[in-house]
Amino acid sequence: MTNSSNRVVIIGLDGMPYRLMKDLAESGVMRHTKAIIDEGLFRPMQSSIPEISSVSWASIITGAAPGYHGIYGFTDVHPGTYRMCFPNYNDLKMPPFWQHDGIGRSVIINVPFTFPAYRLDGVLISGFVALDLERATYPPSLIPKLKEMDYQIDVDSSRGHQSMDLFLADLDKTLHARIAAYQYLWDKEDWQTFMLVFTGTDRLGHFLWDAYEDKAHQYHAAFLDHLRQIDEVIGEIRGRMGDDEPVILISDHGMELSEADVQVNFLLKEQGFLKFKNNPPRSLADIDPGTRAFALDPGRIYISEKGKYPEGRVNPEDRAILIDELKSCFESLSADGKKAVERIYLKEEIYEGPQFDNAPDMVLMSRQGINFKAGLRATELYGKGVFTGKHTQPDAFFLTSYPSADILPDEICVSDIVGIMAKMRETQGKR
Ligand SMILES: [Zn+2]
(Lines give C-alpha, C1' and ligand atoms only; values in the text may rest on other atoms or scores of the structure.)
Protein backbone atom coordinates (compact mmCIF):
# COMPACT_ATOMS: atom_id res chain seq x y z
CA MET A 1 0.00 0.00 0.00
CA THR A 2 1.11 3.51 -0.69
CA ASN A 3 1.47 6.18 1.94
CA SER A 4 1.86 9.01 -0.52
CA SER A 5 -0.35 12.04 -0.15
CA ASN A 6 -0.75 13.17 -3.74
CA ARG A 7 -2.52 10.28 -5.32
CA VAL A 8 -5.06 10.75 -8.12
CA VAL A 9 -7.52 8.21 -9.49
CA ILE A 10 -9.13 8.49 -12.91
CA ILE A 11 -12.07 6.27 -13.76
CA GLY A 12 -13.14 6.25 -17.41
CA LEU A 13 -16.53 5.14 -18.72
CA ASP A 14 -16.20 4.81 -22.48
CA GLY A 15 -19.18 6.25 -24.38
CA MET A 16 -21.04 7.47 -21.28
CA PRO A 17 -22.98 10.67 -21.99
CA TYR A 18 -23.39 13.41 -19.39
CA ARG A 19 -27.15 13.13 -19.32
CA LEU A 20 -27.16 9.35 -18.80
CA MET A 21 -24.76 9.78 -15.88
CA LYS A 22 -27.03 12.52 -14.49
CA ASP A 23 -30.19 10.44 -14.98
CA LEU A 24 -28.81 7.36 -13.29
CA ALA A 25 -27.31 9.33 -10.42
CA GLU A 26 -30.58 11.10 -9.76
CA SER A 27 -32.73 7.98 -10.12
CA GLY A 28 -30.62 6.07 -7.57
CA VAL A 29 -29.15 3.51 -9.98
CA MET A 30 -25.70 5.10 -9.50
CA ARG A 31 -25.89 6.22 -5.88
CA HIS A 32 -22.12 6.29 -5.28
CA THR A 33 -21.73 8.48 -8.34
CA LYS A 34 -24.46 10.72 -6.92
CA ALA A 35 -22.44 11.10 -3.72
CA ILE A 36 -19.40 12.28 -5.73
CA ILE A 37 -21.58 14.71 -7.70
CA ASP A 38 -22.80 16.10 -4.37
CA GLU A 39 -19.30 16.59 -2.96
CA GLY A 40 -17.54 17.77 -6.13
CA LEU A 41 -17.88 19.11 -9.68
CA PHE A 42 -19.95 17.62 -12.51
CA ARG A 43 -19.87 19.09 -16.03
CA PRO A 44 -20.57 18.15 -19.65
CA MET A 45 -17.33 17.80 -21.60
CA GLN A 46 -16.55 18.25 -25.30
CA SER A 47 -15.20 15.14 -26.99
CA SER A 48 -12.61 15.30 -29.75
CA ILE A 49 -13.48 15.99 -33.40
CA PRO A 50 -14.26 13.43 -34.68
CA GLU A 51 -15.82 11.85 -31.56
CA ILE A 52 -13.97 8.55 -31.97
CA SER A 53 -12.55 6.68 -28.97
CA SER A 54 -8.98 6.43 -30.28
CA VAL A 55 -8.85 10.18 -30.98
CA SER A 56 -10.52 11.17 -27.75
CA TRP A 57 -8.46 8.90 -25.46
CA ALA A 58 -5.31 10.05 -27.27
CA SER A 59 -6.32 13.62 -26.29
CA ILE A 60 -7.21 12.61 -22.74
CA ILE A 61 -3.86 10.93 -22.03
CA THR A 62 -1.62 13.46 -23.81
CA GLY A 63 -3.52 16.63 -22.90
CA ALA A 64 -3.31 17.66 -26.54
CA ALA A 65 -5.49 18.01 -29.62
CA PRO A 66 -5.21 15.80 -32.74
CA GLY A 67 -2.99 18.35 -34.54
CA TYR A 68 -0.37 17.59 -31.89
CA HIS A 69 -0.82 13.91 -31.03
CA GLY A 70 -1.47 12.98 -34.66
CA ILE A 71 -4.44 10.61 -34.22
CA TYR A 72 -7.54 11.44 -36.28
CA GLY A 73 -9.41 8.11 -36.28
CA PHE A 74 -9.24 4.31 -35.94
CA THR A 75 -8.07 4.30 -39.54
CA ASP A 76 -5.78 6.59 -41.49
CA VAL A 77 -4.03 6.72 -44.84
CA HIS A 78 -0.27 6.23 -45.15
CA PRO A 79 1.18 9.56 -46.36
CA GLY A 80 1.71 9.60 -50.12
CA THR A 81 -0.43 6.51 -50.72
CA TYR A 82 -4.01 5.30 -50.64
CA ARG A 83 -2.96 2.53 -48.25
CA MET A 84 -5.19 2.35 -45.20
CA CYS A 85 -3.51 1.89 -41.84
CA PHE A 86 -4.61 1.38 -38.26
CA PRO A 87 -2.68 3.75 -36.01
CA ASN A 88 -1.73 2.43 -32.57
CA TYR A 89 0.00 3.62 -29.40
CA ASN A 90 3.38 3.69 -31.24
CA ASP A 91 2.00 6.33 -33.62
CA LEU A 92 1.15 8.76 -30.84
CA LYS A 93 3.31 11.83 -31.43
CA MET A 94 3.12 13.06 -27.82
CA PRO A 95 3.84 11.18 -24.61
CA PRO A 96 0.96 10.15 -22.35
CA PHE A 97 0.97 11.90 -18.96
CA TRP A 98 2.37 8.86 -17.15
CA GLN A 99 5.63 9.31 -19.07
CA HIS A 100 6.02 12.93 -17.86
CA ASP A 101 8.77 13.73 -15.35
CA GLY A 102 7.77 13.75 -11.72
CA ILE A 103 4.50 11.83 -12.19
CA GLY A 104 5.76 8.88 -10.23
CA ARG A 105 4.38 5.40 -10.49
CA SER A 106 1.20 4.69 -12.43
CA VAL A 107 -1.23 1.81 -12.83
CA ILE A 108 -3.05 2.14 -16.15
CA ILE A 109 -5.80 -0.38 -16.90
CA ASN A 110 -7.75 -0.67 -20.13
CA VAL A 111 -7.21 2.79 -21.59
CA PRO A 112 -8.13 2.49 -25.28
CA PHE A 113 -5.36 3.16 -27.77
CA THR A 114 -2.48 2.05 -25.52
CA PHE A 115 -1.58 -1.09 -27.49
CA PRO A 116 1.13 -2.32 -27.71
CA ALA A 117 2.08 -1.74 -24.08
CA TYR A 118 5.57 -0.43 -23.52
CA ARG A 119 7.79 0.30 -20.56
CA LEU A 120 6.68 2.78 -17.96
CA ASP A 121 7.23 3.38 -14.26
CA GLY A 122 4.35 1.18 -13.21
CA VAL A 123 1.88 -1.19 -14.81
CA LEU A 124 -0.11 -0.92 -18.04
CA ILE A 125 -2.76 -3.23 -19.48
CA SER A 126 -3.84 -1.89 -22.88
CA GLY A 127 -7.45 -1.28 -23.83
CA PHE A 128 -8.96 -1.95 -27.27
CA VAL A 129 -7.83 -2.27 -30.03
CA ALA A 130 -5.38 -4.79 -28.56
CA LEU A 131 -4.47 -7.85 -30.55
CA ASP A 132 -3.23 -10.10 -27.74
CA LEU A 133 -2.82 -10.02 -23.99
CA GLU A 134 0.94 -10.70 -24.18
CA ARG A 135 1.73 -7.46 -26.00
CA ALA A 136 -0.97 -5.62 -24.07
CA THR A 137 0.70 -6.13 -20.69
CA TYR A 138 3.61 -4.37 -19.04
CA PRO A 139 5.45 -5.76 -17.15
CA PRO A 140 5.14 -9.21 -18.76
CA SER A 141 5.43 -10.85 -15.33
CA LEU A 142 1.78 -9.87 -14.82
CA ILE A 143 0.52 -11.97 -17.76
CA PRO A 144 0.07 -15.30 -15.90
CA LYS A 145 -1.93 -13.59 -13.16
CA LEU A 146 -4.24 -11.95 -15.74
CA LYS A 147 -4.72 -15.28 -17.50
CA GLU A 148 -5.60 -16.87 -14.19
CA MET A 149 -8.30 -14.20 -13.79
CA ASP A 150 -9.57 -14.98 -17.29
CA TYR A 151 -8.93 -11.32 -18.06
CA GLN A 152 -10.10 -10.22 -21.49
CA ILE A 153 -9.43 -6.84 -23.02
CA ASP A 154 -12.72 -6.34 -24.75
CA VAL A 155 -16.19 -7.79 -24.91
CA ASP A 156 -16.60 -10.18 -27.78
CA SER A 157 -18.95 -7.99 -29.84
CA SER A 158 -19.64 -10.81 -32.29
CA ARG A 159 -21.81 -12.25 -29.48
CA GLY A 160 -24.04 -9.22 -29.78
CA HIS A 161 -24.72 -10.13 -33.39
CA GLN A 162 -25.69 -13.69 -32.36
CA SER A 163 -27.75 -13.19 -29.24
CA MET A 164 -28.18 -10.39 -26.74
CA ASP A 165 -28.09 -12.88 -23.85
CA LEU A 166 -24.68 -14.17 -24.94
CA PHE A 167 -23.45 -10.58 -25.31
CA LEU A 168 -24.65 -9.61 -21.84
CA ALA A 169 -23.05 -12.71 -20.30
CA ASP A 170 -19.73 -11.82 -21.94
CA LEU A 171 -20.09 -8.18 -20.88
CA ASP A 172 -20.52 -9.34 -17.28
CA LYS A 173 -17.61 -11.75 -17.42
CA THR A 174 -15.32 -9.07 -18.90
CA LEU A 175 -16.37 -6.60 -16.22
CA HIS A 176 -15.76 -9.03 -13.34
CA ALA A 177 -12.26 -9.92 -14.54
CA ARG A 178 -11.52 -6.19 -14.96
CA ILE A 179 -12.65 -5.55 -11.39
CA ALA A 180 -10.50 -8.45 -10.12
CA ALA A 181 -7.47 -7.00 -11.98
CA TYR A 182 -8.00 -3.52 -10.54
CA GLN A 183 -8.38 -4.85 -6.98
CA TYR A 184 -5.28 -7.01 -7.32
CA LEU A 185 -3.13 -4.15 -8.65
CA TRP A 186 -4.53 -1.59 -6.22
CA ASP A 187 -3.37 -3.69 -3.26
CA LYS A 188 -0.12 -4.92 -4.79
CA GLU A 189 1.29 -1.76 -6.37
CA ASP A 190 2.59 1.45 -4.92
CA TRP A 191 1.32 4.25 -7.20
CA GLN A 192 0.65 7.96 -7.58
CA THR A 193 -1.85 7.66 -10.43
CA PHE A 194 -4.38 4.90 -10.90
CA MET A 195 -6.38 4.94 -14.13
CA LEU A 196 -9.10 2.38 -14.83
CA VAL A 197 -11.35 2.51 -17.88
CA PHE A 198 -14.57 0.56 -18.38
CA THR A 199 -15.20 0.00 -22.07
CA GLY A 200 -18.23 -2.29 -21.83
CA THR A 201 -20.30 0.87 -21.35
CA ASP A 202 -19.68 1.85 -24.99
CA ARG A 203 -20.57 -1.63 -26.27
CA LEU A 204 -23.70 -1.66 -24.12
CA GLY A 205 -24.70 1.75 -25.51
CA HIS A 206 -24.19 0.66 -29.12
CA PHE A 207 -26.17 -2.55 -28.79
CA LEU A 208 -28.83 -1.53 -26.31
CA TRP A 209 -29.39 2.23 -26.32
CA ASP A 210 -33.00 1.51 -27.25
CA ALA A 211 -33.29 -0.64 -24.12
CA TYR A 212 -32.20 2.28 -21.97
CA GLU A 213 -34.74 4.66 -23.51
CA ASP A 214 -37.62 2.17 -23.37
CA LYS A 215 -38.53 1.07 -19.86
CA ALA A 216 -40.64 -1.78 -21.27
CA HIS A 217 -37.69 -3.20 -23.24
CA GLN A 218 -36.72 -6.72 -22.19
CA TYR A 219 -33.12 -5.62 -21.58
CA HIS A 220 -33.86 -2.33 -19.82
CA ALA A 221 -33.06 -3.83 -16.40
CA ALA A 222 -29.88 -5.46 -17.75
CA PHE A 223 -28.72 -2.11 -19.12
CA LEU A 224 -29.19 -0.44 -15.73
CA ASP A 225 -27.65 -3.40 -13.91
CA HIS A 226 -24.34 -3.09 -15.78
CA LEU A 227 -24.06 0.54 -14.73
CA ARG A 228 -25.13 -0.28 -11.19
CA GLN A 229 -22.22 -2.74 -10.98
CA ILE A 230 -19.81 -0.09 -12.23
CA ASP A 231 -21.24 2.33 -9.69
CA GLU A 232 -20.38 -0.18 -6.94
CA VAL A 233 -16.75 -0.10 -8.10
CA ILE A 234 -16.85 3.71 -8.17
CA GLY A 235 -18.09 3.66 -4.57
CA GLU A 236 -15.43 1.16 -3.54
CA ILE A 237 -12.66 3.27 -5.10
CA ARG A 238 -13.97 6.49 -3.56
CA GLY A 239 -13.95 4.74 -0.19
CA ARG A 240 -10.33 3.65 -0.67
CA MET A 241 -9.21 7.25 -1.26
CA GLY A 242 -8.75 9.91 1.39
CA ASP A 243 -11.06 12.91 1.57
CA ASP A 244 -8.55 15.22 -0.10
CA GLU A 245 -7.31 12.68 -2.67
CA PRO A 246 -9.17 13.49 -5.88
CA VAL A 247 -11.15 10.95 -7.85
CA ILE A 248 -11.84 11.98 -11.44
CA LEU A 249 -14.48 10.32 -13.62
CA ILE A 250 -14.65 10.95 -17.35
CA SER A 251 -16.02 9.64 -20.60
CA ASP A 252 -14.47 10.01 -24.04
CA HIS A 253 -17.70 10.83 -25.91
CA GLY A 254 -21.45 10.60 -25.45
CA MET A 255 -24.11 8.34 -26.98
CA GLU A 256 -27.62 8.74 -28.37
CA LEU A 257 -30.24 6.80 -30.29
CA SER A 258 -29.11 5.95 -33.80
CA GLU A 259 -31.83 6.49 -36.41
CA ALA A 260 -30.00 6.06 -39.71
CA ASP A 261 -26.56 5.42 -41.16
CA VAL A 262 -25.48 7.65 -44.02
CA GLN A 263 -22.76 6.29 -46.31
CA VAL A 264 -20.51 9.24 -47.14
CA ASN A 265 -18.36 7.49 -49.78
CA PHE A 266 -21.50 6.32 -51.55
CA LEU A 267 -22.63 9.96 -51.73
CA LEU A 268 -19.22 11.14 -52.99
CA LYS A 269 -19.31 8.44 -55.66
CA GLU A 270 -22.85 9.29 -56.70
CA GLN A 271 -21.94 12.98 -56.99
CA GLY A 272 -18.84 12.27 -59.07
CA PHE A 273 -16.23 13.25 -56.48
CA LEU A 274 -15.01 9.69 -55.94
CA LYS A 275 -14.17 7.06 -58.56
CA PHE A 276 -12.85 3.50 -58.25
CA LYS A 277 -10.79 1.47 -60.70
CA ASN A 278 -12.70 -1.67 -59.71
CA ASN A 279 -16.29 -1.97 -58.64
CA PRO A 280 -16.85 -2.94 -55.94
CA PRO A 281 -13.46 -1.70 -54.70
CA ARG A 282 -11.37 -4.02 -52.54
CA SER A 283 -9.68 -1.21 -50.66
CA LEU A 284 -8.75 2.46 -50.83
CA ALA A 285 -5.92 1.39 -53.14
CA ASP A 286 -8.59 1.00 -55.85
CA ILE A 287 -9.21 4.75 -55.90
CA ASP A 288 -9.11 6.05 -59.46
CA PRO A 289 -6.88 9.02 -60.44
CA GLY A 290 -10.04 10.92 -61.38
CA THR A 291 -11.01 11.11 -57.71
CA ARG A 292 -11.26 14.52 -56.07
CA ALA A 293 -12.35 13.54 -52.55
CA PHE A 294 -12.88 10.48 -50.38
CA ALA A 295 -13.98 9.79 -46.82
CA LEU A 296 -12.76 7.83 -43.80
CA ASP A 297 -14.94 6.92 -40.81
CA PRO A 298 -17.00 8.52 -39.54
CA GLY A 299 -17.28 11.77 -41.57
CA ARG A 300 -13.66 12.70 -42.34
CA ILE A 301 -13.31 14.12 -45.84
CA TYR A 302 -9.94 14.10 -47.64
CA ILE A 303 -9.19 16.02 -50.83
CA SER A 304 -7.05 14.16 -53.38
CA GLU A 305 -4.50 16.93 -53.72
CA LYS A 306 -1.77 16.85 -56.29
CA GLY A 307 1.50 15.67 -54.75
CA LYS A 308 -0.24 14.38 -51.63
CA TYR A 309 -1.97 11.29 -53.00
CA PRO A 310 -1.00 8.99 -55.89
CA GLU A 311 -2.03 10.72 -59.13
CA GLY A 312 -3.90 13.33 -57.04
CA ARG A 313 -5.69 15.72 -59.39
CA VAL A 314 -6.66 18.68 -57.26
CA ASN A 315 -4.34 21.69 -57.60
CA PRO A 316 -3.86 23.72 -54.41
CA GLU A 317 -5.42 26.77 -56.13
CA ASP A 318 -8.58 24.75 -56.88
CA ARG A 319 -9.00 23.54 -53.33
CA ALA A 320 -11.29 26.39 -52.22
CA ILE A 321 -13.67 25.83 -55.15
CA LEU A 322 -13.82 22.10 -54.45
CA ILE A 323 -14.52 22.75 -50.78
CA ASP A 324 -17.48 24.95 -51.78
CA GLU A 325 -18.78 22.21 -54.06
CA LEU A 326 -18.42 19.60 -51.31
CA LYS A 327 -20.08 21.89 -48.81
CA SER A 328 -23.16 22.37 -50.95
CA CYS A 329 -23.28 18.63 -51.60
CA PHE A 330 -23.27 17.88 -47.87
CA GLU A 331 -25.59 20.74 -46.96
CA SER A 332 -28.26 19.48 -49.34
CA LEU A 333 -28.09 15.96 -47.92
CA SER A 334 -31.29 15.07 -46.10
CA ALA A 335 -32.57 12.13 -44.11
CA ASP A 336 -36.28 11.85 -43.30
CA GLY A 337 -36.85 15.31 -44.73
CA LYS A 338 -34.32 16.95 -42.39
CA LYS A 339 -30.74 18.04 -42.98
CA ALA A 340 -28.34 15.21 -42.18
CA VAL A 341 -25.32 17.46 -41.57
CA GLU A 342 -25.42 19.70 -38.54
CA ARG A 343 -22.09 21.36 -39.14
CA ILE A 344 -19.14 21.17 -41.50
CA TYR A 345 -15.75 21.87 -39.99
CA LEU A 346 -12.85 22.87 -42.18
CA LYS A 347 -9.41 21.61 -41.22
CA GLU A 348 -8.19 25.17 -40.60
CA GLU A 349 -11.01 25.87 -38.15
CA ILE A 350 -10.43 22.93 -35.82
CA TYR A 351 -6.84 21.78 -36.10
CA GLU A 352 -3.38 23.27 -35.62
CA GLY A 353 0.00 21.88 -34.68
CA PRO A 354 2.86 19.85 -36.15
CA GLN A 355 0.52 17.05 -37.34
CA PHE A 356 -1.79 19.48 -39.15
CA ASP A 357 -0.81 18.26 -42.64
CA ASN A 358 -2.21 14.78 -41.95
CA ALA A 359 -5.57 16.10 -40.78
CA PRO A 360 -8.73 15.51 -42.81
CA ASP A 361 -9.66 18.50 -44.96
CA MET A 362 -13.20 18.59 -43.58
CA VAL A 363 -15.08 16.85 -40.78
CA LEU A 364 -18.84 16.42 -40.95
CA MET A 365 -20.85 16.61 -37.74
CA SER A 366 -24.16 14.87 -38.07
CA ARG A 367 -27.46 16.05 -36.75
CA GLN A 368 -29.05 14.09 -33.95
CA GLY A 369 -29.65 10.42 -34.75
CA ILE A 370 -27.55 10.33 -37.93
CA ASN A 371 -24.49 8.11 -38.06
CA PHE A 372 -21.92 8.83 -40.77
CA LYS A 373 -20.06 5.86 -42.20
CA ALA A 374 -17.34 5.66 -44.79
CA GLY A 375 -17.62 2.10 -46.07
CA LEU A 376 -16.26 1.59 -49.58
CA ARG A 377 -18.71 -1.03 -50.75
CA ALA A 378 -22.01 0.44 -49.60
CA THR A 379 -24.74 -0.02 -52.18
CA GLU A 380 -27.16 2.47 -50.63
CA LEU A 381 -26.88 5.96 -49.22
CA TYR A 382 -29.03 5.23 -46.17
CA GLY A 383 -29.07 2.16 -44.00
CA LYS A 384 -29.54 0.95 -40.50
CA GLY A 385 -27.20 -1.55 -38.88
CA VAL A 386 -27.68 -3.59 -35.72
CA PHE A 387 -26.50 -0.79 -33.41
CA THR A 388 -29.15 1.29 -31.69
CA GLY A 389 -26.69 3.75 -30.15
CA LYS A 390 -24.20 6.12 -31.81
CA HIS A 391 -21.48 8.47 -30.56
CA THR A 392 -22.07 12.14 -29.77
CA GLN A 393 -19.48 14.91 -29.52
CA PRO A 394 -20.71 17.64 -27.14
CA ASP A 395 -21.83 15.56 -24.17
CA ALA A 396 -19.06 13.49 -22.74
CA PHE A 397 -18.87 14.10 -18.97
CA PHE A 398 -16.37 15.24 -16.38
CA LEU A 399 -16.88 14.54 -12.69
CA THR A 400 -14.55 14.91 -9.75
CA SER A 401 -14.70 14.72 -6.00
CA TYR A 402 -12.42 17.78 -6.01
CA PRO A 403 -14.58 20.68 -4.85
CA SER A 404 -12.96 23.91 -6.14
CA ALA A 405 -14.18 24.97 -9.56
CA ASP A 406 -11.29 27.43 -10.03
CA ILE A 407 -9.16 24.62 -11.52
CA LEU A 408 -11.63 24.10 -14.38
CA PRO A 409 -11.81 25.99 -17.68
CA ASP A 410 -15.24 27.46 -18.51
CA GLU A 411 -15.82 24.78 -21.15
CA ILE A 412 -14.07 21.47 -20.53
CA CYS A 413 -12.72 19.46 -23.42
CA VAL A 414 -10.99 16.05 -23.42
CA SER A 415 -7.57 17.62 -23.95
CA ASP A 416 -7.95 19.58 -20.68
CA ILE A 417 -7.77 16.55 -18.37
CA VAL A 418 -3.96 16.39 -18.05
CA GLY A 419 -3.84 20.10 -17.14
CA ILE A 420 -6.69 19.76 -14.63
CA MET A 421 -4.91 16.86 -12.97
CA ALA A 422 -1.68 18.85 -12.70
CA LYS A 423 -3.57 21.70 -11.01
CA MET A 424 -5.15 19.28 -8.55
CA ARG A 425 -1.74 17.88 -7.60
CA GLU A 426 -0.36 21.41 -7.13
CA THR A 427 -3.07 22.29 -4.66
CA GLN A 428 -3.16 18.93 -2.90
CA GLY A 429 -2.38 19.22 0.78
CA LYS A 430 -2.73 23.02 0.55
CA ARG A 431 -6.49 22.95 0.79
ZN1 LIG B 1 -18.30 3.28 -29.59
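Details of the structure are given in the entry above.
A brief look at the structure comes next. (Residues numbered from 1 in each chain as written. Predicted model: local features only at pLDDT ≥ 70, side-chain atom pairs only at ≥ 80, totals over all residues. Heavy atoms only, no water.)

### Observations concerning the overall build of the chain
Of the regular secondary structure elements, the chain holds 13 helices and 22 strands. Computed over the C-alpha atoms, the radius of gyration of the chain is 22 Å, within 12% of the 22 Å expected from 2.2 N^0.38 for a compact globule of 431 residues. For the chain, the spread of C-alpha atoms along the three principal axes comes to 65 × 50 × 45 Å. Burial analysis of the chain (431 residues in total) assigns 59% to the buried set. Counting only carbon and sulfur atoms, one obtains 49% of the accessible surface of the chain, whose full area is about 17500 Å². One way to put it: in the chain the 46 positive side-chain charges average out to a point 3 Å from where the 62 negative ones average out. (Helix = DSSP H or I, 4+ residues; strand = E, 2+ residues; numbered from the N terminus. Rg over C-alpha atoms; globule rule 2.2 N^0.38 Å. Buried < 20%, exposed > 50% of the residue type's maximum accessible area, 1.4 Å probe, protein only. Areas by Shrake-Rupley, 256 points an atom, 1.4 Å probe, with all protein chains shown as cover. Lys, Arg positive; Asp, Glu negative; His and termini not counted. Charge placed at Lys NZ, Arg CZ, Asp CG, Glu CD.)

### Considerations on the sheet that holds strand β13 (residues 300-303)
The strands making up a sheet associate through backbone hydrogen bonding, with each pair oriented either parallel or antiparallel. Pairing is antiparallel in the open sheet, where four strands are placed in the order β12-β13-β17-β16. The strands lining the two open edges of the sheet, one partner per strand, are β12 (293-296) and β16 (341-346). Averaged over all pairs of adjacent strands, the angle between their axes in this sheet comes to 25°, without regard to strand direction. Two elements, β13 and strand β17 (residues 362-366), share two bridges in a ladder whose sense is antiparallel. Each bridged residue has a counterpart across the sheet, and for I301 the counterpart in β17 is M362. (Pairing = 2+ DSSP bridges. Axes fitted to C-alpha atoms, helices over the stretch in contact; angles between N-to-C directions.)

### Re the coordination of the zinc ion
Tetrahedral coordination by four donors sets the ideal angle at the metal to 109.5 degrees; octahedral coordination by six donors sets it to 90 or 180 degrees. At 2.0 to 2.4 Å from the zinc ion lie its protein donor atoms, namely D202 (OD), D202 (OD), H206 (NE2) and H391 (NE2). Around the zinc ion sit four donor atoms; with metal-centred angles ranging over 56 to 152°, the donor geometry is irregular. Written as a sequence motif, the donor arrangement for the zinc ion is D-x3-H-x184-H. Of the two residues, D202 and H206 both sit in helix α8 (residues 200-213), four residues apart, roughly one turn of that helix. Across this residue pair, the class does not change: D202 and H206 are buried. (Donors = N, O, S within 2.8 Å, 3.2 Å for Na, K, Ca; no water. Tetrahedral: all angles 85-135°; square planar, octahedral: opposite > 155°, others 65-115°.)

### Some details on the pairing of strand β5 (residues 106-111)
Counted residue by residue, β5 has six buried out of six residues, so it is predominantly covered. Pairing of β5 with strand β6 (residues 122-126) involves five bridges; the strand directions are parallel. Each bridged residue has a counterpart across the sheet, and for V111 the counterpart in β6 is S126. As paired strands, β5 and strand β8 (residues 193-198) are joined by four bridges and run parallel to one another. The residue bridging I108 from the neighbouring strand is M195, located in β8.

### Side note on the side chain of K390
Mapped onto the secondary structure, K390 falls in strand β20 (residues 389-392). Residue contacts for K390: discarding those within four places in its chain leaves H206, G254, M255, E256, L257, S258, S366, R367, G369, I370 and N371. (Contact = heavy atoms within 4.5 Å.)

### Quick word on the pattern of salt bridges
Two side chains carrying opposite charge are able to pair once their charged atoms lie near each other. One pass over the structure, following the stated rule, counts 26 salt bridges. Note that D121 and R105 form a salt bridge whose closest N and O atoms lie 3.1 Å from each other. With D121 in the loop between β5 and β6 and R105 in the loop between β4 (84-85) and β5, this residue pair connects regions lying 16 residues apart in the sequence. The closest approach of N and O atoms between R292 and E325, which form a salt bridge, is 3.4 Å. In this pair, R292 is assigned in the loop between α10 (264-270) and β12 and E325 in helix α11 (residues 319-331), connecting sequence segments 33 residues apart. (Salt bridge = Lys/Arg side-chain N within 4 Å of Asp/Glu carboxyl O.)

### Considerations on the nonpolar core
In terms of nonpolar packing, the biggest core is built from 63 residues, with L13, F194 and L249 touching the most fellow members. Considering each element in turn, this core owes the most residues, eleven residues, to helix α7 (residues 164-188). In terms of nonpolar packing, the next biggest core, distinct from the first, is built from 41 residues, L274, I287, A340 and V341 among them. (Core = buried A, V, L, I, M, F, W, Y, C linked by side-chain atoms within 4.5 Å.)

### As for the pairing of β17
Of all five residues that make up β17, five are buried, and the element is covered over most of its length. Looking at chain direction, β16 and β17 are connected through five bridges and run antiparallel. When the bridges of β17 are listed, L346 appears paired with M362.

### Remarks on the packing of α8 against helix α9 (residues 220-240)
For the pair α8 and α9, the least separation of the axes is 9 Å and the interaxial angle reads 150°. As judged from the angle between their axes, α8 and α9 are roughly antiparallel. For the crossing formed where α8 meets α9, the hand is left-handed. Across the interface between the two elements, G200, T201, L204, G205, L208, W209, A211 and Y212 of α8 pack against H220, F223, L224, H226, L227 and I230 of α9. In the contact of α8 with α9, the residues fall into nine nonpolar, five polar and no charged. (Parallel < 35°, antiparallel > 145°, perpendicular 65-115°, else oblique. Left-handed = near helix turned anticlockwise from the far one by under 90°. Nonpolar A, V, L, I, M, F, W, Y, C, P; charged D, E, K, R; others polar.)

### Examining the packing of aromatic side chains
The geometry of an aromatic ring pair is captured by two quantities: the separation of the ring centres and the angle between the planes. Following the criterion strictly, the structure yields 20 aromatic pairs and no others. Centre to centre, the rings of F74 and F128 are 6.1 Å apart; their planes meet at 40°, and the pair counts as tilted. Taken together, the positions of F74 in the loop between α4 (66-69) and β3 (76-77) and F128 in the loop between β6 and β7 (137-138) put the pair 54 residues apart, joining distant regions of the chain. By relative accessible area, F74 is classed as partly exposed at 34%. With relative accessibility at 7%, the residue F128 sits in the buried group. One aromatic cluster is present, built from ring pairs that chain together Y82, F294, Y302 and Y309. One residue, R203, lies across the ring of F128, its end atom 4.2 Å from the ring centre. Across from the ring centre of F356, 4.8 Å away, lies the NZ or CZ of K347, which sits over that ring. (Phe/Tyr/Trp six-rings, centres within 6.5 Å; stacked < 30°, edge-to-face > 60°. Lys NZ or Arg CZ within 6 Å of the ring centre and 35° of its normal.)

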